[in-house]
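The lines below spell out each chain.
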Amino acid sequence: MQQVLEQHIPFENHQEAYALLGERDEFLQVIAENFDCKTVSRGDGVDFIGEAQEVEQAARVLYELQYLYRQGTSLTMHEVRYSIHLVKEGKSDALHNLFSDTILVTSRGKHVRPKTIGQRMYLDAIRHHSVTFGIGPAGTGKTYLAVVLAVAALRTKEVSKIILTRPAVEAGERLGFLPGDLQEKVDPYLRPLYDALQDILGVDMYQKFMVKGIIEIAPLAYMRGRTLEDAFIILDEAQNTTGKQMKMFLTRLGFGSRMVVTGDLSQVDLPRGVRSGLGEAREVLEGVPGIGIVELQPTDVIRHEVVTRIVQAYERYEESGTNAGKQERQRGKGEA
């Protein structure tokens, strides 16, 4: 006979209740859908009633969300679903410390923290390695978190400069044919980096640093022949580099500098037959001292929850296409 348990979680006030339960109790509904127990929402708290293990897990999710809220985290559906995921995976101990690591406070007072275990591993790798590769799907925070750590290093005077670069794949080596000056030519490719910096620093401070040359944003081709010292250097969209470009970039590392290379190997825009320098580097440099390689997963996506589903759907589709291709080739060999 199963043991029936009832557990009550009290709220401090109506504001906390609204934050924890969500608009129209949407957060509580998601918790109820994931655990086989009855939920009763009252003005002063929530009751969970049912089989002991299910009640304990559901209550643990709400307790952790309550802790996050009281630490100043604005709760979204991501925090709810990720907390449920970790509790179901038996990793609830990681929840309590995950969101407590404030990396930086933006110009608008936003506390930037890791939101998944994968992000936490990524940040730790950057802190402890001279060169770090962050590989994973869109929405996992690869670029944004790297920019956050770059600004934090600048504020604490660990570095004196931030250098951000991306390969301008669509323009190839023909930037000169585009209208406007250099800045106007490369702006479309570098816009995501501008947006991240302006969000973190504020527009005024961002423009001040740009004018003083403390922040430099340039296409990858302009890194050739330089030695980058006392700088935090980020190569974004690295899946669109060739092997030669990647080697050129990595060998620019100078004393007192740190490099972060980010990319998504499922979004390579290189010409057919040209191998991604990011994929090659992952194989060549694995296990090399001083280099960290972190592969973020769809569970680390922190955009709209539909983005995670899109990423996973495409992965299933591509995997099924690969398997179908293998079967077709095998049939061809058999007929031959």
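Residues numbered from 1 in each chain as written. Predicted model: local features only at pLDDT ≥ 70, side-chain atom pairs only at ≥ 80, totals over all residues. Heavy atoms only, no water.

Caption draft 1: The arrangement of unusual backbone geometry in detail. Positive phi is not limited to glycine here, since Arg24 has a value of about 55 degrees. Assignment of secondary structure puts Arg24 in the loop between α1 (14-21) and α2 (26-34). Backbone geometry at Lys157 places phi at a positive 60 degrees, although glycine is not the residue there. Within the fold, Lys157 resides in the loop between α7 (142-155) and β7 (161-166). A relative accessible area of 71% places Lys157 in the exposed class. (Helix = DSSP H or I, 4+ residues; strand = E, 2+ residues; numbered from the N terminus. Buried < 20%, exposed > 50% of the residue type's maximum accessible area, 1.4 Å probe, protein only.)

Caption draft 2: Broad picture of the pattern of salt bridges. Inspection of the entire model under this criterion finds 13 salt bridges. The shortest N-O distance in the salt bridge between Glu16 and Arg70 comes to 2.8 Å. Remark: Arg70 occurs in helix α3 (residues 52-70) and Glu16 occurs in helix α1; sequence separation between them is 54 residues. A relative accessible area of 1% places Glu16 in the buried class. Residue Arg70 is classed as partly exposed on the basis of its relative accessible area, which comes to 44%. Across the salt bridge formed by Glu216 and Arg226, the nearest N and O atoms sit 2.6 Å from each other. (Salt bridge = Lys/Arg side-chain N within 4 Å of Asp/Glu carboxyl O.)

Caption draft 3: Structural detail: the packing of aromatic side chains. Evaluation of the coordinates by the stated rule reveals 1 aromatic pair. Here the guanidinium or amino end of Lys88 rests over the ring plane of Phe35, the centre of that ring lying 4.8 Å away. (Phe/Tyr/Trp six-rings, centres within 6.5 Å; stacked < 30°, edge-to-face > 60°. Lys NZ or Arg CZ within 6 Å of the ring centre and 35° of its normal.)

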